[in-house]
Amino acid sequence: MVATRGAEGGLIALGRALLAELLPVERREALARMRLTRTLRRAVREVPAHRGRAPSLDVFPICDARALRQGGGWSGAWSAARTDATSGSSGGARFEVRLDASDVRRADAVWLRTYARLGLRPHHLRVRLRAPDPRTEGSRGWTGRRLLGLPMPVELSTARPIEEVAEALRALRPDVVHGSATELARLAEALIDRPLDATLVIFGGEPMHAPERARVAAAFGVWPRGVYGCTEAGFIGWECARGVVHLNADHVWVERGERVVVTTLERRLTPMIRFDTGDRVEPEGCDCSRWPALGRVLGPRHRFLRIDGKDIAEAEVAHALSGVDRARRVQVVQTRDAVTVRAPAAQLDAALRALSFLGERVGEVDEAPTWGGKRPIVDAREADRRGLTP
């Protein structure tokens, strides 16, 4: 009986998510505003720190990842059906996001709708590239896939040698491959001699810059598409063919500006109000979809350098490194005292020459570690903690 109710609830959540595609834009915006007001009223009622506030978004403080971890977040009274933990890739402590059964169903419905927009279909064989210590994703209809005889998703651990992962992909011949920009870029190096012929390549969790996109497209046979979100707030949006992020506006409320500040609209456990993801965005309109456009996500603050008062985006560093062999193994680290270029011995000299525009820099023979499957090209976490980055 419980399993039946869960399946029915999942179908209802998926039906609501798909119905939102058909609603007039004005009706969808009105529903989002209604859900936003309901979330704010609940916060005023249940959270001591918010009591006495008007249920208006601009009177609530913006909360970033550090404040969230220090304060523990706001958690409802329902029991958790799933707990997702952040990767710690920004250098902070992990934070656990608790979801009750209805939260899980809604999150999975938005996941399915987002991937379907990008081109995922039921008959596709999907391979997920995962770092060690994977977290549960939920069933997402996997029982139904078994009953219908559809291919089950496959997970490949990127802790294995990259050549082994490449051979496993060649043997599987998947339709869809999903991983972080780091994992896909590393695989592109191993696949380029014998490319795949995939239908869809999806990246998430970090930006993928133009030179990497071109290499990944050559290795997988299709231009990669991005999904945008975070563990704290869920699936915020997806990239259209132009590279502009469109919002899941029935799932989250995102404030306009050059940073991404998001409020979840229907989450019962661990809701987020005015959560600053830390990402900077270049606002840009796009009329290719009935869903609102956010713009081009440039990445988090700690992936920007600040040198002589000038902000240098990670994309600019990636472009400068485009002529360096195995450029994904190169990393620029900014601390209070120095800018250090880390690279394996074979790439270090070429990397230092390519990055001469950064001015004084130190070379170090080393290969940067990954955090949750991600290896930033620019790592300014220490500078960010000291307030040196933008």
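Now for a quick tour of the structure. (Residues numbered from 1 in each chain as written. Predicted model: local features only at pLDDT ≥ 70, side-chain atom pairs only at ≥ 80, totals over all residues. Heavy atoms only, no water.)

## Section: the pairing of strand E3 (residues 126-130)
Selection rule: Partly exposed residues are those whose accessible area sits between 20% and 50% of the maximum for their type, while under 20% is buried and over 50% is exposed, using a 1.4 Å probe and protein chains only. A run of H or I in DSSP becomes a helix once it reaches four residues, and a run of E becomes a strand once it reaches two; helices and strands are each numbered from the N terminus.
When you tally the buried positions in E3, you get 5 out of 5 residues, the bulk of the element. Taking every second residue as pointing to the same face, both faces of E3 are buried, with Arg 126, Arg 128 and Arg 130 on one and Val 127 and Leu 129 on the other.

## Structural notes on the packing of helix H7 (residues 181-191) against helix H8 (residues 210-220)
What counts here: Angular values range over 0 to 180 degrees, each being the angle between N-to-C directions of two axes fitted as lines to C-alpha atoms, with helices fitted over their stretch in contact. An angle below 35 degrees is read as roughly parallel, one above 145 as roughly antiparallel, one from 65 to 115 as roughly perpendicular, and any other as oblique. Helix crossings fall into two classes, left-handed where the near helix is turned counterclockwise from the far one by less than a right angle and right-handed where it is turned clockwise. Note on contacts: a residue pair is in contact if any heavy atoms of the two residues lie within 4.5 Å. Throughout this entry, Asp, Glu, Lys and Arg are counted as charged residues, while Ala, Val, Leu, Ile, Met, Phe, Trp, Tyr, Cys and Pro are counted as nonpolar. The remaining residues, Gly among them, count as polar.
At a minimum axis distance of 9 Å, the contact between H7 and H8 shows a crossing angle of 50 degrees. Taken together, H7 and H8 sit at an angle that is classed as oblique. You can see that H7 and H8 cross each other, and the crossing is left-handed. The residues of H8 that touch H7, namely those facing Leu 184, Ala 185, Leu 187, Ala 188 and Leu 191, are Glu 212, Arg 215, Val 216, Ala 219 and Phe 220. Here the residues of the contact of H7 with H8 are counted per class, giving 8 nonpolar, no polar and 2 charged.

## Brief notes about the nonpolar core
This is how the line gets drawn: What is meant by a nonpolar core is a set of buried Ala, Val, Leu, Ile, Met, Phe, Trp, Tyr and Cys residues, joined one to another through side-chain atoms within 4.5 Å.
If you look at the biggest cluster of nonpolar residues, it comprises 23 residues, and the most contacted ones within it are Leu 129, Leu 169, Leu 184, Leu 187, Leu 191 and Phe 220. Elements with a contribution of two residues or more to this core: E3, helix H6 (162-172), H7, strand E6 (200-203) and H8. Counting residues in each nonpolar core, the second largest holds 20 residues, with Ala 327, Val 341, Leu 348 and Ala 351 among its members.

## What about the sheet that holds strand E4 (residues 154-157)?
The cut-off we apply is this: Pairing between strands is defined by DSSP: at least two bridges between the two strands are required.
With respect to topology, 11 strands assemble into an open sheet ordered E4-E3-E5-E6-E7-E8-E9-E13-E12-E11-E10, the strand pairing being mixed. Looking at which strands have only one partner, the edges of the open sheet turn out to be E4 and strand E10 (252-255). Strand-to-strand twist across the sheet, computed as the mean angle between neighbouring axes with direction ignored, equals 35 degrees. Judged from the 2 bridges that link them, strand E9 (residues 245-247) and strand E13 (residues 293-300) form a sheet pairing that is antiparallel. Looking at the pairing, Val 245 lines up with Gly 295 of E13. Where helix H4 (residues 101-118) meets the sheet, its contacts fall on E3, strand E5 (176-179), E6, strand E7 (225-230) and strand E8 (234-239), and the angle it forms with E8 comes to roughly 10 degrees.

## Brief notes about the pattern of salt bridges
Applied cut-off: One speaks of a salt bridge when a side-chain nitrogen belonging to Lys or Arg is within 4 Å of a carboxyl oxygen belonging to Asp or Glu.
As enumerated under the stated definition, the model contains 31 salt bridges in all. Ionic pairing is found between Arg 42 and Glu 46, a salt bridge with its closest N-O pair at 3.3 Å. Within this pair, Arg 42 and its partner Glu 46 are both found in helix H2 (residues 25-46), separated by 4 residues, close to a single helical turn. Owing to a relative accessible area of 11%, Arg 42 belongs among the buried residues under this scheme. The class of Glu 46 is partly exposed, set by a relative accessible area of 32%. Ionic contacts of the salt-bridge type, sharing partners, join the residues Arg 16, Arg 35, Arg 38 and Glu 266 into one network.

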